Amino acid sequence: MRSIAVSTANTKANRAPFRHLLLHGPPGTGKTMFARGLAHHSGLDYAVLTGGDIAPLGRDAVTELHKLFDWAKTSRRGLLLFVDEADAFLQSRETSTISEDQRNALNAFLFRTGTESDHFMMVYASNQPSQFDSAVLDRIDEMVEFDLPTEEERRAMIAMYIDKYLLKPPGRWAKKVETLDIGSEEIERVVKETEGFSGRAISKLAIAWQAAAYGTEGAVLDQAAFFHTVQLHKKSMQTKDSWLQNAEHYADALTTDKKVL
Ligand SMILES: Nc1ncnc2c1ncn2[C@@H]1O[C@H](COP(=O)(O)OP(=O)(O)OP(=O)(O)O)[C@@H](O)[C@H]1O
Ligand SMILES: [Mg+2]
C-alpha cells in the first residue's frame, strides 16, 4: 500500500494524470479496508460511491453523477473516488437485466471518466470484475489482486485479533478476557485449522471468542470453548461454500439449458 500511496502523492506533485486502480479478489480479503487506508495516506480528498446506491436513485442517478464529477473538479488537492462493490453499478451494458436508468447512469459515468484527468483518481473494488462493462475495464491502469491469506498471514492476523478482542479490547468498559490453557501451541493449531478463512472470517472468529468469554462469569475463555468456536466457524464456512457451489451449478444449468435435480 505504501508504494501505491507514494506514487499517488508523486503524481499529485507532478500534476501527471492519475492511475486508476482495480482491487479484486474474494469477499473479506481487505479490499475496502485497503482503499480506505489508501485514501487516507494519499493526501487526496476522498469520496465513496457504493455500487448498490446508484440503482435506487433511478433517473436522478445521472444528475447526481454529474454533480459528483463537477465537485471533483473543484477539489484543490485532487479527489480519490472509490467505487466499492463496483460490479453492482458498472456491469456490462450488454446484459439484459440492467434497467434503462442504470444504462444511462453508466453512460454518464463513462463519459466523465473517459479522458485522463489530473483531478481524480478512480479506485474500483469488486469480487466479480468479470461482470464489468468492457469500457470500464479499459479505463483501469493497474490491477491489485487480493487473495485469501497464506498460513503466515493468518498467523499474524490471529495474533493481531487476539490482541484486539481478547487481550486489549477497545473501549473503556470492555473487559479483558482471561484465557485458560491457551498458549502458542493452541494458537498454532488454529492457524492450521483456519485454512481458507478470509481476513473477515478471522476477525469474526476472534469476536466470537470474545462473545464466548463474555458469556461466562469473569470473562474466561478456556481451551474447550476456544476450539469449539473454531469448529463452529469452520462448519458454517463449509455450509456457505456448498451453497455457493450449488448456486453456480444451477446458474450453469440455466445457461446451458440442462436439467438439474
Ligand atoms: N488483510 C487483512 N488484515 C486484517 N484484517 C483483515 C484483512 N482483510 C480483511 N480483514 C478484516 O475483514 C474485514 C472486512 O474486510 P473488507 O471489508 O476490506 O473486505 P472486502 O475485500 O472489501 O470484502 P467484500 O468483497 O465482501 O466487499 C476488515 O474490516 C478487517 O476486519
Ligand atoms: Mg468491500
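As the structure is a computational prediction, the values presented were derived from the model and not from experiment.

Conventions and cut-offs
Residues numbered from 1 in each chain as written. Chains lettered and ligands numbered in written order. Predicted model: local features only at pLDDT ≥ 70, side-chain atom pairs only at ≥ 80, totals over all residues. Heavy atoms only, no water. Near = heavy atom within 4 Å. Polar contact = N/O pair within 3.5 Å; in protein donor to acceptor, adjacent residues only side chain to side chain. Nonpolar A, V, L, I, M, F, W, Y, C, P; charged D, E, K, R; others polar. Domains from an automatic or database assignment. Axes fitted to C-alpha atoms, helices over the stretch in contact; angles between N-to-C directions. Helix = DSSP H or I, 4+ residues; strand = E, 2+ residues; numbered from the N terminus. Left-handed = near helix turned anticlockwise from the far one by under 90°. Contact = heavy atoms within 4.5 Å. Salt bridge = Lys/Arg side-chain N within 4 Å of Asp/Glu carboxyl O. Buried < 20%, exposed > 50% of the residue type's maximum accessible area, 1.4 Å probe, protein only. Parallel < 35°, antiparallel > 145°, perpendicular 65-115°, else oblique. Expected span 1.5 Å × (residues − 1). Arc of directions from axis to C-beta. pLDDT = per-residue confidence, 0-100. Lys, Arg positive; Asp, Glu negative; His and termini not counted.

Enquirer: Just checking my understanding: could you explain the site of ligand 1 for this structure?
Expert: As a structural note, the neighbourhood of ligand 1 is formed by 15 residues, with G28, K31, T32, N127 and Y161 the closest of them. Measuring from an oxygen atom of ligand 1, one finds a backbone N or O atom of G28 at 2.8 Å. A distance of 2.8 Å is found between an oxygen atom of ligand 1 and a side-chain nitrogen or oxygen belonging to K31. Tallied by class, the residues present in the shell around ligand 1 amount to 5 nonpolar, 7 polar and 3 charged. Taken together, domain 1 (2-145) and domain 2 (151-243) each give at least three residues to the shell around ligand 1, which thus spans both.

Enquirer: What exactly am I supposed to notice about the packing of helix α7 (residues 151-167) against helix α9 (residues 199-214) here?
Expert: Look at α7 against α9: their axes get within 9 Å of each other, and the N-to-C directions meet at 35 degrees. For α7 against α9, the interelement crossing comes out right-handed. Counted together, R154, M157, I158, Y161, I162, Y165 and L166 of α7 and G199, I202, S203, A206, I207, W209 and Q210 of α9 form the full contact between these two elements. Tallied by class, the residues present in the contact of α7 with α9 amount to 10 nonpolar, 3 polar and 1 charged.

Enquirer: Any chance you could explain the pattern of salt bridges here in plain terms?
Expert: Oppositely charged side chains may form a pair once their charged atoms are brought near each other. In the structure shown here, the tally under the stated rule is 11 salt bridges. A salt bridge links K168 to D163, with the nearest nitrogen and oxygen atoms 3.0 Å apart. Of the residues examined, K168 reaches a relative accessible area of 56% and is grouped as exposed.

Enquirer: I would appreciate a short explanation of the packing of α7 against helix α8 (residues 184-193) in the present structure.
Expert: Describing two packed helices takes the angle between their axes plus the distance from one axis to the other. For the pair α7 and α8, the least separation of the axes is 9 Å and the interaxial angle reads 125 degrees. Taken together, the axes of α7 and α8 lie oblique to each other. For the crossing formed where α7 meets α8, the hand is right-handed. Residues E151, R154, R155, I158 and I162 of α7 lie in contact with α8, whose contacting residues are I187, E188, V190, V191 and K192.

Enquirer: What should I look at first to understand α7 in this one?
Expert: Note: α-helices contain 3.6 residues per turn, so residues at a spacing of three or four share the same orientation. Taking 1.5 Å as the rise per residue, α7 with 17 residues should run 24 Å; its terminal C-alpha atoms sit 22 Å apart, in good agreement. By the burial criterion, the buried members of α7 are R154, I158, Y161, I162, Y165 and L166. Along the long axis of α7, the arc covered by the buried residues comes to 110 degrees, so they all point the same way. Those residues of α7 that are exposed and angled more than 90 degrees off the buried face are E152 and A156. Considering only its buried residues, α7 is in contact with α8, α9 and β7 (220-222).

Enquirer: I'm lost on the confidence of the model for the protein chain in this one. Help?
Expert: Note that predicted coordinates carrying low pLDDT should not be read in detail. With 90% of its residues at a pLDDT of 70 or more, the protein chain has an overall mean of 88. For the protein chain, per-element mean pLDDT is lowest for helix α1 (residues 2-14), which scores 61, and highest for α8, which scores 98.

Enquirer: Looking at this structure, how should I read the side chain of K31?
Expert: Topologically, K31 is positioned in helix α2 (residues 31-42). No salt bridge is formed by the buried K31; its nearest oppositely charged neighbour, D84, is found at 7.2 Å. Residue contacts for K31: discarding those within four places in its chain leaves L23, H24, G25, P26, A125, S126, N127 and F146.

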